[in-house]
Amino acid sequence: MLSKQAIETLLDSEDAVHRLVITPLVDRDQQVGPASVDVRLGNEFVLINRQTGLVAIDPVQRTQLTENIPRYQTRIRVAFGHGFYLHPHDFCLATTFEYIGLPPDVGAYVIGRSSWGRLGLIIATATAVGPGFHGTIVLELANVGTVPIVLYPMMRIAQLVLHRSADQ
Amino acid sequence: MADSVSIAAIPLLREKALAIRAHAEPYAKGIHVSNPSIALLAGYQVRVCDALVTLITDLDTTDEEELSADLRRLFHCILRLAKLSRFFVQGESPVLQSDILVPWDDVVKKVHPDAALIIRTQSAYEFEARVEIREVFEKSLPLQLSLRDIFRGFPRYFLVFNIPAIEAWNVLHQTLLAHEIGHFIYKCQRLDDIAFAILAKHLPDIKRLFDDAFVKGLAGVASHTYEQFQEWVSGIVASRFKELMSDIFALQIVGPCIVTALRDFGLPGYSLDFTSDDGTMFLYYPSFRTRFLALLKRVDVFFQSDGSGGNGNVMTQWCEDLKQWQAALLASGPPPTSPFSTVDNIVEECVDAASEKLEGSTCRWAYDRQIFQHEVLPLYNRIVEKIPPNELRCGEHQTAPASWQSILNAAWLSYSYNSAWALDVLRFPETRQTDSDPTVRHHALLEFNEFIARSLEMAIVHRQFLNQKSTMDGVFD
């Protein structure tokens, strides 16, 4: 697990290949913790529809699966300052606001922040991010509580715990 | 007593006014509305509809002539209101990402604080601006209504920018919105007066042009009297002057990338010297050659470094290429006997006079050339490294969002010079297409566009975050 100092060094690296890119890091002092980096919620959501008319999702039927996606999902953009309501037992896909670029020898785990967990918000089921990953991280958000949760783009939603690959 | 047809029309009109109101109401309440200008316009739509319903209910049916005139006016008003309703749907098109539109709205408000903006898509392949929705209302509203009451708080200028639906996804082509804002600046600066004064000075030239018109083959003049011809030429001069000034304002708003954007949008479809004398709109537009020359003459100022920012190779290359293109355009200009050269000379004089008038005036909406020099190269380098060009280092451990104009310029720079992407790049002095498969090229362009759109959005939201963090009561912590 990388310490704050190691993370800071990677963020400031002059070497483009081995630099850790987290952009924008809007509040670096607040977001870089002792052994993690907080990431914020992006503004695009893919909501999984409740009423789809589908009998089942069959991963073997790949063509059918692709065709059914518009019935299964609704894409929603939320302007800055506006909220997105995640209702009880609803599930949606979201992304981190930050673009992440990991060096080839650094991997990461996405972990929900405990303050959200206590409210019933589950974040990310596929938590491992491979070394060398470039892009925004997809978050799987589920409200397992009993009341709607309002999500605002740019909230600190999760944390990245970084680690080096063992053979390095 | 009024006839039965008029009487029968009354409930139908009321029903239509109520239907328009019902359509506008959710937008007025801000339901699924990301652009606050749409909610504002919808609010006034509701208010006008309410006033119309009251008016229709209270119509005097005793005087047939008066009723018929009232109904005619009401009918036109409702027709216009129905047309305005389309703005709500077209302005909320999902391809127009609301956060990306924030800086355009910001520029408009810097030009005139009492202005609001809606950007919507349209099927026609053209960028277009309309102003003065208020005038639309004022011309069509029944005389009995108190306009002062209805329009209390309504923006002085309500701009509607139409962008071709097929280009709405293309954030690079949205650069051309700067030209449309240029029209608005032209209007606010009242530059028409300059054109009228210079035209008055050139009346003898216009007379000479009229006498020579048949010899030089200016079509459509044969049936004109001199007075008609003078009015016609004045209209062309005023219109071309407005277009050129809007280009120059666009250059001040977004910087050198407007030249590239205009070239990329315009030249594949039209030749440099295309002007039509068949009465179509292009008669009222200057040729692309004239437009580019006016821009290239003024673009240099952005590249004049004060030494602190430094110019990287690619920036120097960009500047050199623009200069070379200017020289090439000047060398291959249209023959001096062209009937339009007189018109173009008068227009050029207008542009010079306007530039002189505006020199030294403070423009809050203008893009600072020092920001251009400091930001564009580092952002371009980020694009080359495949890192989104959304922020810049501003101190140890500190970063700041890049300005949206710098991102656009860096993107156009990359689009023009990064041949590895095999796009429809601009190869000075001629536009050429690469030999690669058009589908592959288009996919590369889509990917690049998404990358830049996302970067722009990040920078804009980042700036909004910094501006609003303190008022959001700990939401982001």
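Now for a look at the structure at hand. (Residues numbered from 1 in each chain as written. Chains lettered and ligands numbered in written order. Predicted model: local features only at pLDDT ≥ 70, side-chain atom pairs only at ≥ 80, totals over all residues. Heavy atoms only, no water.)

## Concerning the nonpolar core
One finds B:Trp104, B:Phe241 and B:Met245 to be the most contacted residues of the largest nonpolar core, which totals 103 residues. Here the element with the most residues in this core is helix α10 (residues 226-254) of chain B; it accounts for 15 residues. Of all hydrophobic cores here, the second largest spans 38 residues; its members include A:Val32, A:Val78, A:Leu121 and A:Ala158. (Core = buried A, V, L, I, M, F, W, Y, C linked by side-chain atoms within 4.5 Å. Buried < 20%, exposed > 50% of the residue type's maximum accessible area, 1.4 Å probe, protein only. Helix = DSSP H or I, 4+ residues; strand = E, 2+ residues; numbered from the N terminus.)

## Here's the deal with the environment of A:Met154
Tracing the sequence through the fold places A:Met154 in the loop between β12 (149-151) and β13 (156-164). Relative accessible area serves as the criterion here: at 0%, A:Met154 is assigned to the buried category. Expressed as a C-alpha distance, the spacing of A:Met154 and A:Arg164, which sit 10 residues apart in the sequence, is 28 Å. Not counting residues within four places of it along the chain, the set of residues in contact with A:Met154 comprises A:Val26, A:Arg40, A:Leu41, A:Phe80, A:Phe97, B:Val461, B:Phe465 and B:Phe476. (Contact = heavy atoms within 4.5 Å.)

## Describing helix α1 (residues 4-28) of chain B
Residue and element names in this part refer to chain B. Over its 25 residues, α1 runs 36 Å from end to end, which matches the ideal 36 Å to within 8%, given 1.5 Å per residue. Residues of α1 that are buried: Ser6, Ile10, Leu13, Ala17, Ile20, Arg21, Ala24 and Tyr27. Just beyond α1, the residue with positive phi is Gly30, at close to 80°. (Expected span 1.5 Å × (residues − 1).)

## Let's talk about the sheet that holds strand β1 (residues 21-23) of chain A
All names here are of chain A. Sheet architecture is open: 3 strands sit in the order β1-β6-β10, paired in antiparallel fashion. On the outer flanks of this sheet lie β1 and β10 (134-135), each paired with one strand and no other. Sheet analysis places strand β6 (residues 99-101) next to β10, joined by 2 bridges and oriented antiparallel. Each bridged residue has a counterpart across the sheet, and for Gly101 the counterpart in β10 is His134. (Pairing = 2+ DSSP bridges.)

## Here we look at helix α15 (residues 369-384) of chain B
Residues and elements named next belong to chain B. In this model α15 runs 23 Å from its N-terminal to its C-terminal C-alpha over 16 residues, within 8% of the 22 Å that 1.5 Å per residue would give. Sitting at the amino-terminal end of α15 is Asp368, which places a side-chain oxygen 2.8 Å from the backbone nitrogen of Gln370. Just past α15, the residue Lys386 takes up positive phi, approximately 65°. (Polar contact = N/O pair within 3.5 Å; in protein donor to acceptor, adjacent residues only side chain to side chain.)

## What to know about the interface of chain A and chain B
Listed by partner, the interface residues are 33 residues for chain A and 28 residues for chain B. With both sides pooled, the region where chain A packs onto chain B buries about 2,400 Å², and carbon together with sulfur makes up 53% of that total. Looking at the side of chain A facing chain B, the largest losses of area belong to A:Arg77, A:Phe80 and A:Phe97, adding up to 26% of the total buried there. It is β1(A) that provides the largest number of residues to the side of chain A that touches chain B, a total of 3 residues. Broken down by class, the residue content of the side of chain A that touches chain B amounts to 16 nonpolar, 7 polar and 10 charged. (Buried area = accessible area lost by both parts, 1.4 Å probe. Nonpolar A, V, L, I, M, F, W, Y, C, P; charged D, E, K, R; others polar.)

## Points about the packing of helix α12 (residues 288-303) of chain B against helix α13 (residues 313-331) of chain B
Residues and elements named next belong to chain B. With their axes 10 Å apart at the nearest point, α12 and α13 run at an angle of 145° to one another. Helix-helix and strand crossings are classified by hand; for α12 and α13 the assignment is left-handed. Across the interface between the two elements, Arg289, Phe292, Leu293, Leu296, Lys297, Val299, Asp300 and Phe303 from α12 touch Met315, Trp318, Cys319, Leu322, Lys323, Trp325, Gln326, Leu329 and Leu330 from α13. Split by residue class, the contact of α12 with α13 holds 12 nonpolar, 1 polar and 4 charged. (Axes fitted to C-alpha atoms, helices over the stretch in contact; angles between N-to-C directions. Left-handed = near helix turned anticlockwise from the far one by under 90°.)

## Re a negative patch on the surface
Residue and element names in this part refer to chain B. Among the surface-exposed residues, Asp60, Asp63, Glu64, Glu65 and Glu66 lie close enough to one another that they form a single negatively charged patch. Here Asp60 lies in the loop between α2 (36-57) and α3 (64-91). Residue class for Asp60 comes out partly exposed when judged on its relative accessible area of 38%. (Patch = residues over 30% accessible without salt bridge, like charges linked within 9 Å, V, L, I, M, F, W, Y side chains within 5 Å. Areas by Shrake-Rupley, 256 points an atom, 1.4 Å probe, with all protein chains shown as cover. Salt bridge = Lys/Arg side-chain N within 4 Å of Asp/Glu carboxyl O. Lys, Arg positive; Asp, Glu negative; His and termini not counted. Charge placed at Lys NZ, Arg CZ, Asp CG, Glu CD.)

## Overview of the pattern of salt bridges
Applying the stated rule across the entire model yields 21 salt bridges over all chains. Across the pair B:Lys469 and A:Asp27 runs a salt bridge whose closest N-O atoms are separated by 3.0 Å. Taken together, the residues B:Lys469 in the segment after α17 (438-468) and A:Asp27 in the loop between β1 and α2 (28-31) connect one chain to another. Exposure remark for B:Lys469: the relative accessible area of 28% places this residue in the partly exposed category.

## Remarks on unusual backbone geometry
The omega torsion across A:Thr23 and A:Pro24 is -5°, close enough to zero to call that bond cis. Positive phi, close to 65°, is recorded for A:His89, a residue that is not glycine. Mapped onto the elements of the fold, A:His89 is located in the loop between β4 (84-86) and β5 (91-96). For A:His89, a relative accessible area of 60% corresponds to the exposed category. At B:Lys386, a residue that is not glycine, the phi angle is positive and equals roughly 65°. Assignment of secondary structure puts B:Lys386 in the loop between α15 and β4 (391-395). For B:Lys386, a relative accessible area of 54% gives the class exposed.

## Quick word on the packing of aromatic side chains
Aromatic rings considered in pairs are described by the distance between their centres and by the relative angle of their planes. All names here are of chain B. Enumeration over the complete set of coordinates arrives at 14 aromatic pairs over all chains. Arranged with centres 4.8 Å apart and planes meeting at 65°, the rings of Trp104 and Trp404 form a pair that is edge-to-face. Taken together, the residues Trp104 in helix α4 (residues 98-111) and Trp404 in helix α16 (residues 404-417) connect sequence positions 300 residues apart. Neither Trp104 nor Trp404 differs from the other in exposure class; each is buried. Here Tyr157 and Phe184 contribute two aromatic rings whose centre-to-centre distance is 5.0 Å and whose plane-to-plane angle is 75°, an arrangement assigned as edge-to-face. Here the residue Tyr157 occupies a position in strand β3 (residues 157-164), and Phe184 occupies one in helix α7 (residues 177-189), the gap between them amounting to 27 residues. Of the aromatic side chains, those joined through ring pairs into one cluster are Phe302, Phe303, Trp318, Tyr367 and Phe372. When the ring centre of Tyr157 is taken as origin, the NZ or CZ atom of Arg156, which lies over that ring, is 5.0 Å away. Between the NZ or CZ atom of Arg263 and the centre of the ring of Trp325, over which it lies, the distance is 4.1 Å. (Phe/Tyr/Trp six-rings, centres within 6.5 Å; stacked < 30°, edge-to-face > 60°. Lys NZ or Arg CZ within 6 Å of the ring centre and 35° of its normal.)

## Overview of the side chain of A:Thr23
Turning to its location among the elements, A:Thr23 is positioned in strand β1. A distance of 3.0 Å separates polar atoms of two side chains, one belonging to A:Thr23 and the other to B:Arg382. Discounting residues that sit within four places of it in the chain, A:Thr23 has contacts with A:Phe97, A:Glu98, A:Tyr99, B:Arg382, B:Ile387, B:Pro388, B:Asn390, B:Glu391 and B:Met458.

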